[in-house]
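# Examining the three-dimensional arrangement
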Amino acid sequence: MTDPRPTIRLDKWLWHARFFKSRSLAAGVVTGGKVRVDSQPVSKPARAVGPGNVLTFVQADSTKVVRILACGLRRGPAPEAQALYEDLTPAPKERPVAAKGANPRYEKGGRPTKKDRRDMKLD
């Protein structure tokens, strides 16, 4: 008996779906234990995944949650890669506006001058 559901290596799928620039970067994230498949931690890049699996992983400074829709045959252009998954990532929470005087920010472009830095302390 064969499994009717197609499968692909986890690191290869992450690379095909363009979440990582290279397959070795994807494998490194998986090996580091930073990927979950259906809420189970995975540490082997060769773990077989297929349509219906839900992946949770950290990319840059945000956590991604995606459901696999297709395995994919190649690492194609971005629209083709986006058709491989459904993004389930929750919307980021809005940051509260800081009170006046807390962490002054320079509003102009470029590096502030000495006068600008003195003026920021007075506000």
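Right above here is the structure, for reference.
So, here is what we can say about the structure in this document.

## A word on the side chain of D11
Mapping D11 onto the fold places it in helix α1 (residues 10-16). Looking at D11, its side chain comes within polar contact range of the side chain of R9, at 3.0 Å. Apart from the residues within four sequence positions on either side, D11 is in contact with R23, A26, A27 and P45.

## Some points on the pattern of salt bridges
Enumeration according to the criterion identifies five salt bridges in this entry. R74 is paired through a salt bridge with E80; the nearest N and O atoms lie 2.9 Å apart. Classification of E80 by relative accessible area gives partly exposed; the value is 33%. Within this structure, R9, D11 and R23 form a network of salt bridges that share partners.

## Structural notes on helix α2 (residues 23-31)
Those residues of α2 not exposed but buried are A26, A27, V29 and V30. Here the buried residues of α2 occupy an arc of 160° about the axis, which is enough to place them on one side. Looking at the buried side of α2, the elements it contacts are α1, β2 (35-37) and β3 (40-42). Among the residues trailing α2, G33 stands out with phi positive, at a value near 75°.

About the cut-offs
- Residues numbered from 1 in each chain as written.
- Predicted model: local features only at pLDDT ≥ 70, side-chain atom pairs only at ≥ 80, totals over all residues.
- Heavy atoms only, no water.
- Helix = DSSP H or I, 4+ residues; strand = E, 2+ residues; numbered from the N terminus.
- Polar contact = N/O pair within 3.5 Å; in protein donor to acceptor, adjacent residues only side chain to side chain.
- Contact = heavy atoms within 4.5 Å.
- Salt bridge = Lys/Arg side-chain N within 4 Å of Asp/Glu carboxyl O.
- Buried < 20%, exposed > 50% of the residue type's maximum accessible area, 1.4 Å probe, protein only.
- Arc of directions from axis to C-beta.

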